[in-house]
Structure formats: C-alpha cells, structure tokens
Amino acid sequence: MSGHTKAVNTLAITNKFCFSGSNDRTVRAWSLENGYCTGVLDTQESPVLSLAVKKNVLYSSNTDGMLKSYNTTTHRSIQSFQGHTNKITVFTLDNKENLFSGSSDCSIKLWNLKDSSWKQTYNAHSDYITDLISAHKSSTLYSSSVDTTAIAWDIESGRKKLTFKGHKDWIFSMLLDKSKKTLYTSSQDRMVKMWDIRSGSCAHTLFGHEYGIVKMILNQNILYTASWDGRIGVYNLKKPRQLPTFLEGHSGKIRTLSKYGDYLYSGGNDCTIRVWSCKTLKCKAVLKGHKKPVTAIYIPNKNLTLSIGEERRIYRWPSHHVVDSNSKQELETLTKKEKQKISLKRDHAYDLGSKIIEKQIEININGQKFKVSSKLNILEACRKVGFEIEALCYHPSLGPVGTCKCCIVDVKSVSKQSFQRACACATELWEGMEIKTDSPKVREQLMSAVADLRKKQKNRNLLSKMVGIEKVNNSNHLMEEYIKNGEKRFKKSKNGKKQKKKVIVADENDTMLDNLIERVSNKFIDTTNLAIQVDHTKCIDCTRCIAACSNIQGMDIYSYDPPTTMNDFNSAESLMPAFNTKGKFLGDTLCISCGQCSLYCPSGAITEIDHTQKLDAVMKSKKKLVVVGMAPSARISMSEIFKLAPGSLTTGQCVHLLRLLGFNQVFDVQFAADLTIMEEGTELLHRMNDKENSVLPMFTSCCPGWVNLVEKKYPEIIPHLSSCKSPQQMFGSVIKNYYAKRLNLDPKDIYCVTVMPCTAKKKELDRPQFRNPKTGVKEVDLCLTVREMGRMVAKRGIEFSELEEREFDNPLGFSTGAAQLFASSGGVMEAALRSAYWLQKGVEFPSIEFKPVRSRKGIKESVIDFDGTPLRLAVVSGGKNIHKFLETWGTSSFNYDFIEIMACPDGCIGGGGQPRSNLDINPLRKQVVYQNENKLPSRSSYQNPLVKRLYKDWLKKPYDKVALKYLHTTYEPYKYSDQPQTDENSDKFHKLNEGLTWKNSYLILYGSQTGTAEKASLKIADKIRSLKYKVRIKEMNEYGQPIKLKHEKLVFLITSTFWDGSFPENALKFWHKLKELQPMSLTKLKFCVFGLGSSTYTQFNNAAKNLDQKFIELGAKKVLEIGLSNREDKNGYLTTLNPWLKDIQPLLKKNKKSRWRK
C-alpha cells in the first residue's frame, strides 16, 4: 500500500477502510479488500501524528497542535479543534461526546465533539503528555507524562483527584483494570507499577526488564509487556512478586505489541514482526519485509494484518501464516535461534549465536588497505591493524578529548579531496577513508606536541624547586614512556636521515617563574588526602582526571581552567596546571578517595600515596611479624603486573609471590569476606524480623568509598548502613585480637598488611574506630594497591617463571566461592543471600547462582521469594549510578529491603588501585571471578570450616556480643574544617542569577565539555554587566523546556563541539528537546551564537552551526553573525571572541527596555 511520500505515522481502521496519517501532511483512505487508495482526505499544514475513528467520523492530530475531523464516507472535513500551542502527543475519545487531547505544551484539553468547543483544561504536569485514559462512568480521566507522574482528574471540574508518584523516569503507557480498581503504568525506569485507583498507593511493582517498557496488554490475570531490551515479559498477576517469563527472539528494541485471539504480534528495530502463541509462549512465525524499524501493528480481522514502520508504505500480511504449514521449517530454525542468547546492541547484524557481526568497511592506512569495524575511530583502527599511535588524553572508557595532540594524523577530506589534519581519537571512520600517520606535517605536529609537553613539565618542575618543594619520586611516570614511544614513531625522514629532536627547556632565571612563586607555594604537591596524592608538576592538561571524576563517578571534584592561549607557552598562566580542586586541598573536598582519577592519569600526576618504602623499612628492621592478606580481586589482576591476561596467575602463585617479597606469613582476606557474610547475613535477618526496632533498607558497608560518600554527602543514610566492618578491617581485627593471642604476641608486634584493588582502603585503616581505644594500635597497619605490588615486584626483579604453587597459612587460609564473589559488583549481595537463607531455613538457597545481579549494568534491581517473603533487592556500582539511584531516596518510590553499593564501576575489579590498562578490561576480570568461584568446593560462607572454628573458639555466635565488639563499627557525618564544598560555578551563577528573570535580564545558555565554553560564557557575562545590563547564565540542560525561550527577548548561545561534531553532555538534552519544537515557534526571540572548536577536528564547530541553523528554522531573529573560534589560533578562542564582544555593545543599545539596565 504505497502512496505517501514520507513516513507513515499512524493508522485507523473501520470495517471497510484503513486511514493513514503521514509526515507528508496527508491523510489517505485505503480499501481493506484490495489495498487500493480510495482518496486523499486532506493536505494539512503539518505532519499527521495520530488518528482515531468514532462512528462515521475520523479524528486526526497534527504537530501544529490542531485536531481535525472528517466524514469517513464522503472524506470531507467537518470541523477543527484549536487551542494547543504545541504538538498533540496523544488524544482519546470516550463513550460520551468528549475528546481529550494531551500536548507537549504540558496541558490536557477537553473538547465537545458536537460543536468542537473547548470545555476544560487540565494543568498540573510539567512535561509533555504520553498517555490518556477516560473512565466515563466514574467521571475520571487518567493522564501520564514525561515528568514521571500519572494523575487522576475529575472530568467535570478539572481538579486533581490523585497523583501517582513513584517512577524514576518518564511513563510510556497506562492500562486501566476497572474490575480490580487497578491502574498499570509502564516506564523508562524498567518497571511496571500497579496502583490502587481508590487510594493512589502502589500495590505492587513488577521487575525483570533491563530497559524501558513501551507497551502493555492485559488479558485477565496475565500482563504482557514489550520492552526496549528486545523481550516480551509475561507476568502472572496472581503472583506479582515472581519474575516474568520472557519471550526472546528480537535482536533489537521492541517498538510495538498487539494481540488478536490467542496470538501476540510484536515489531521492533530488527525490522521483523514476530507472531507468538499465548498458550505455548513460542514464536509461530516471523514476518520479514520491512526495511526499517516496525512502529505499529493493526489486526482488522482474522485474515489480515497491517503494519507500518519508519517507511512510506503500509504492509499487508495474510493472517493465515500462523497456521500455514510452510512456516514450520522457519519455526524450527527460529527455535534454534531462541536457544542462543541474543545481544541487544542496536544497529548490528547478528548470527545464530550471541557474537556480533559488525559492519566492516575498507580504509587505507599509509597506502595499505584494511577491513575494520565501522564502529571504531581512527586511533582504535590503527592500533588494531598494527600502527601504534600515541594518545595521552584518550582512553576508551572516557571517550575522546583531543587536548594532547599526540594522535594527530592526516585524513583525506571527502568534500575537498585533499588531506587535512585530524585527531585520530576523535574522528570516526568512513568507507574508503585514506589515513597517513607518517606524513611530514604529522611529524612536525607530533614533535611540536612532545616539545610542548616536555617544556611545560620542565618549567613546572623548576618552579616547584624554586618554591622549596621536594619533588616526589614516582617510578610510574607513564608520560615519559608515551613521549619516548612518540619520538620513536618516526625513525627516519624521507631522505633517510634521522630527524633531529628539538626539545624546548626553560631558563631557570626566567622572570615568568618568579611571578608565580607566591601563587603556587605549597600547592604543587597535595598529600592532604590520605589515599591519593596530586603532583601538579607532572600534569599534562589531558583532563582524564576530570572525565573520570565527573563522567564516571559524578563527583565533580576537579575542574578545568586551561590557559587562555592554548599554544602560547611563554605565558606564566600556562604553567599552572589546568586541573584543580576548586581552590581547596583534595583532603578538604567531597573526594571519596575512590582513586578513579589515579587509575586514568597517564602522567603520574595523580597516584595512590606510595607506602612501599615504609613497608621496606619495617621488613628490614625485623622487629615485627609482618603478615599480609590478599583481597579477592587482587589475585585476579595480579597477573597484569607481568603484562599477562587477568587470572593468568593462580592463587597459589600469588601466595608464592608474596612470600618472595619478604612477608612472614601470607593469609587470605577471602576468609574475612566469609566472616563478613556470616555477620551481614545475620544482621539482615535481624532487621527483617525486628522491623519495629530496626530500619530498612539495609545498605552494605564493605566499600570504604561508598561509606565516605554517605558520611560526606548522604549522612541521613548512616542508620541504614550495615554495622559490619569491611573484610579488610575484619581481617585486621582477627589478626590483632585473636591470632596475636594464639601466638602469645603483643598486637603492636604484628605488622598487618593488606593487598587491595582500592585506594580508599588506605584511608579506611586510619579511621579512629579501627584503632584500639586504649593502646592506639591499628587493626591494619598498611594497605598496598596492586600497582604498588607491581613496583615492588619490578624493584625485586621477580620473574613470572619463578612462581610456583604455594598454600595460604592457617588459621586464615581457607575461603569459599561466596568470598571470591566480593571481587565483582553484585557478589556481596549474592553471597549474603546464600548464607542468610541457610541461617533462616537451615537449607541451601534454591538457586545458588543469582544471575540477576551478575550483569554489568550500573543499577540492577530484582525481587526474590525469601522464605515466603518478597525481598526487594538493588545492586549499584559506580559513583554516577549511585547519585542517580539515590535521587528518589526518602520518597515512597524508594522501596527496597537490601542494597549493595560499590563506589567503583563493576565493583572491586574496577577499583582505583588496579593496574592501568588502555582497554576496557573489567569484563575479562569479571569473567575470571565467576570461573574461579565455580571451581571452589565450597560456595557458601557458612560452609567454611575455619570460620566455624573461629566462632567456636572466640566469637561464639554471629551478631552476638563478642562479634559486635570486634567485627562491627559505627559511622558519623563528616566534619568539615570549613563550610562543606559546593560547586563553585553553581554558587557563582546563583549569585549572578539571583532576583533575575526573563522579564528583566538577558540570558546566556552554554554547553561545555571541558570548561572552556563555560569560561567564555563568564567573559561574555562580564562584558554585558560592564555595559550596565543585567544577564543570567545557565547550562543548556538546566534551562528546561526550550519552548520557554519564546518569553525571552535576547539569548546568547555558547557551545563547544565535542568529538565527532556532537554537543557537550550538558547541552545534549536541551538540543534533543529543541529539535522537537515546531517550525516558527520562537518568532519573537532574538539570538546569537558563539562556537568553540578546533580545526583539527573534521566537524569543526559543528554544534554551533547546527544551533544557529535550528534557531533560524524556529523563526528566531539572528542579531549577530555566528562567531566560530579556533583553539589552534595563537590566542585561542579569544582571537574570535574579543572582536565578537565589541559588536555586542551597539546591539544592546538598540534595545529600548530600560528596565534591563542596572
């Protein structure tokens, strides 16, 4: 059924006709009998979004906010409904003469169908409407919105009856079960909630899906859900606590779900329609033909199925395919596919298994042709085929930045057919791309970049010596290795002669150094944080620390303040490190000591505080018994210090390694992990069984980074933290209080050392709670990271071939598989459930492997049947995910019983003290964790015979008096030396914006990835204020709905361009919402755009250009030509900004609004 010239958005079905609405702004009528077009109802002013039929009238909604009605027999227009100011996202008809419409202008309107009059407006939502349900008997209208709420309205009065709050993300759809007085809402937060429509309370929450749930179908006591995770969930509503049965087969997002008779029809991004039997829950047929994702399926009768996708045509399918014998062979093939686990990454092709078959393209590198994945950037592609390119600022886990300029290459432009320079880390591949990594221009650029780095570090080192700061020795100086490799990248020039290396150094008497002495005294090396030290003399301005702290951990401790002239190193300002901690020492900030910044720092500027020399001194004195314990994840990554894959060293070889390093006795911290589980599992049962005197949910407390975050930022959670010490501290407590007595030694004569993947453990052992209150003896004396172990191994010259199998010493030398799970996110939860169930029931947990918590997702949720009680669980890892998870803390929607939280991504295997890697190595480490756990003879902590003996000889019972004294602790809110840290720029903007609105000030909106655009925005604001005008400044994402810009009179839009031409992260949300606005919707607005970019990127200033063009399309008046600055200019962005600012003054004077003057 072809005829539309653009994509079809919607269908409406009658007995004889099918009506279609399209982006080509037409409504067409089609015969169901033969599929022929019988006429075009109307050519409208904007694309048609939705259609509905009632009696002989067809209703349509458009993107211009208008509703129209047509006679389905004569195809003539009847009337129009006008009142919305933006596109109508959804409308519904009830059994009376009423039509309800919801719009992206956040309002709902009630219309009388007889005369198209506007009867009522319902205003309460703060974002656009996603679904409407009318219950005319109870005179109630239900609405849902992107603002995460659903509301019940009284139809006549327009007043709110109830508000349904609880979802964490926008609601996709609703279902109303009138017989059971239940409203179902599905959301982007992966949950379905069942609401009592009488009280507004949430009766049940249905879990199971991994991505948003877009469609629901209710059939008696069965609820079918379609999700973006590519699965259909089948929920038994009689047992809402049970996880659903999943129908799997789609290899992409499911976009639509329909039901006819005993069959379900699903369509999605894999361009197929699957037909499922509701009885057998098996796929009966696969309908192939769509070229683009399927968006809607309609079944007019048993003999016909209609479907539409992101295409210009309507597909007709004979419904007899579900019983056609020709489909049996296809069914058998499909069954084989279903047995394989299908990966859900978008826009990939798949084979019968889970292996991704990525699109391959041909590229040319230095005259050689290669086939590589289209998903790679130039840097990754070159490295994959054997061309090593250095990149200091790039890491695959952080994304490209493009500041070091070491990865520069020549790329042949598609448009100009000539070579131009590009950052390899920030340029994606295209078919036939030609790349040169060794051209004369590239050589010149690389040597210049290396010289600049050497000069900057040399000058900073000289400066630190002049102000009397002793330079810290650090053998882990990765930048030197990078620079050496970079200089080796070109051994000879074209004439065969070695190229001279010009390295610029600073004169010690240079006056620019003298000018800085006062400003930098005692600020170059910061050791105030007991776990991490910052040596500013080694900073190369790569901004990796900022990306790790902000993008991965969400802490925003570091800020970026680059010199104004990025290429002018004669400036004293350029010697100051670009990254800083906002005017505070690191120890005085909200830093949780997770060490992710040190994990990604390539130059050694940020490292763990090194304790190897301190340990060497203790060992050489031979006055103490030096014992060591090795953490679960440390044995996984220890092999990486020998440049081997994770897990290549057996546990026995790790024990031998520790003995060769000089430790007197080698114990297993996994023993203490088993002990932790016994205590934590018992504590959980105690809280569940004594809810009156205890608080739920209970959070795990074995991660010191998480505990630091609670004490510094979320002190209200302290009562919910488990009182159990971490495995490290339990290990130390057993050594100093039990093992010392067995040896008849004074605890101070035992030196207890741990090997950990974590930097925060270094700070944890210094907590006052972990010292003997009488003697001051610490439970753990010293903590080494795996990286420090690597330095000790290198210093001793130990080779991998020397290592043999050895056993741990007893009585702390045996552990179970449950303790091994501590290495990975979700492991503590899984281990605790195994033992808690046994402690409660006396039998083993039904499913010893708890798969829902084993994925790499940052936030995992599940509900299990725990001896007849539904136990609501959550597992969270990574600081940014923690902040997102705790957004609803304290609300009724935060409904959990037991929560495991780890500060680092993927848990301890991604800890800040792990070996550095230029790969995303955590999946490999995680795989080894579960392989090792599966091999151990005992897999539950209660099965550990040495733990049983410890309770018999010393502790007596878990969570009893002795255990509470030695194995449990307390927490308290962090006490700041001054006012708690806040975001410096946010405070500044708050003061700038105080008392200002769109009525009395101009507006600056900025998008910044590294901070340069933010700095430029502040300069523009200073300029406007110097002219005696008022101005507000905001991040683009903070502004809210862009439609509100129609109230502004003049807005300055400042944005940088990130990576492949995209917007910065703090502007992406604003840009996507801006694209949803209708043309000519901002006609009263005046605007101007200033862009910041680098000509080394192929998409130079692309974001600013797109912004400028979009505002023109929206009808806004451009009052100043777009400013496009280039970071490569001698004075950086100021080269363009300064003349651009001069043009602002006459522009402001033209405005006659005197009330805008100060």
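Residues numbered from 1 in each chain as written. Predicted model: local features only at pLDDT ≥ 70, side-chain atom pairs only at ≥ 80, totals over all residues. Heavy atoms only, no water.

A. The overall build of the protein, seen in detail. When helices and strands are counted, the protein shows 28 helices and 57 strands. For the protein, the residues scored as buried account for 59% of the 1158 residues in total. Considering only contacts within the protein whose residues lie at least 6 apart along the sequence, 64% involve residues at least 24 apart. Surface summary for the protein: the accessible area is close to 48,900 Å², and the carbon and sulfur share equals 47%. (Helix = DSSP H or I, 4+ residues; strand = E, 2+ residues; numbered from the N terminus. Buried < 20%, exposed > 50% of the residue type's maximum accessible area, 1.4 Å probe, protein only. Contact = heavy atoms within 4.5 Å. Areas by Shrake-Rupley, 256 points an atom, 1.4 Å probe, with all protein chains shown as cover.)

B. Spotlight on the packing of aromatic side chains. The full count for this structure, using the stated rule, is 28 aromatic pairs. Where Tyr1002 meets Phe1052, the ring centres are 6.5 Å apart and the plane angle is 80°; that geometry is what we call edge-to-face. One end of the pair, Tyr1002, is in strand 52 (residues 1002-1007); the other, Phe1052, is in strand 54 (residues 1050-1056), with 50 residues separating them in the sequence. Each member of the pair, Tyr1002 as well as Phe1052, carries the same accessibility label: buried. An aromatic cluster of at least three residues, connected via ring pairs, comprises Phe699, Trp706, Phe885, Trp889, Phe894 and Tyr896. A cation over an aromatic ring shows up here: Arg231 above the ring of Phe246, its NZ or CZ 3.7 Å from the ring centre. Here the guanidinium or amino end of Lys253 rests over the ring plane of Trp228, the centre of that ring lying 4.3 Å away. (Phe/Tyr/Trp six-rings, centres within 6.5 Å; stacked < 30°, edge-to-face > 60°. Lys NZ or Arg CZ within 6 Å of the ring centre and 35° of its normal.)

C. Quick look at the side chain of Lys1110. Tracing the backbone through its elements, the reader meets Lys1110 in helix 26 (residues 1102-1113). Lys1110 sits in the buried class, given a relative accessible area of 14%. Not counting the four nearest positions on each side in its chain, Lys1110 is found in contact with Trp1071, Leu1074, Lys1075 and Leu1077.

D. Representation of the pairing of strand 6 (residues 57-62) within the structure. Where burial is concerned, most of strand 6 is hidden: six out of the six residues are buried. Burial of strand 6 is two-sided: the residues Val57, Tyr59 and Ser61 facing one way and the residues Leu58, Ser60 and Asn62 facing the other way are all buried. Alignment of strand 5 (residues 48-54) against strand 6, held across six bridges, turns out to be antiparallel. By the bridge assignment, Ala52 is partnered in strand 6 with Tyr59. Here five bridges tie strand 6 to strand 7 (residues 66-71), and the two strands are oriented antiparallel to one another. Counted as the bridge partner of Leu58 is Tyr70 from strand 7. If you look at the hairpin formed by strand 6 and strand 7, you'll find three residues sitting between the two strands, and Gly65 has a positive phi there, around 85°. (Pairing = 2+ DSSP bridges.)

E. Just the side chain of Thr1055, in detail. By secondary structure assignment, the location of Thr1055 is in strand 54. For Thr1055, a relative accessible area of 0% corresponds to the buried category. When near neighbours in sequence (up to four residues on either side) are disregarded, Thr1055 contacts Gly1007, Ala1013, Met1036, Phe1063, Pro1064, Phe1090, Gly1091, Leu1092, Ala1103, Ala1104 and Leu1107.

F. A look at the pairing of strand 45 (residues 665-668). Here strand 45 shows no split at all, with Gln665 and Phe667 on one side and Val666 and Asp668 on the other all buried. Relative to strand 45, strand 44 (residues 625-630) runs parallel, the two sharing four bridges. Bridge pairing in strand 45 places Val627 opposite Gln665.

G. Broad picture of the UniProt feature "repeat: WD" (unreviewed entry) in the protein. Mapped onto the present numbering, the UniProt feature "repeat: WD" (unreviewed entry) falls at residues 1-40, 81-121, 122-163, 164-205 and 247-277. Note that residues 1-40 is 0% helix and 55% strand, and that its end C-alpha atoms are spaced 14 Å apart. End C-alpha to end C-alpha, residues 247-277 measures 10 Å, and it is 0% helix and 68% strand. (UniProt positions renumbered as here; feature names shortened; annotations may be inferred.)

H. Summary view of the packing of helix 9 (residues 612-621) against helix 16 (residues 786-796). At a minimum axis separation of 10 Å, helix 9 and helix 16 run at an interaxial angle of 55°. Considered as vectors, helix 9 and helix 16 are oriented oblique to each other. Across from Thr612, Leu615, Asp616 and Met619 in helix 9, the residues of helix 16 making contact are Glu788, Met792, Lys795 and Arg796. Broken down by class, the residue content of the contact of helix 9 with helix 16 amounts to three nonpolar, one polar and four charged. (Axes fitted to C-alpha atoms, helices over the stretch in contact; angles between N-to-C directions. Parallel < 35°, antiparallel > 145°, perpendicular 65-115°, else oblique. Nonpolar A, V, L, I, M, F, W, Y, C, P; charged D, E, K, R; others polar.)

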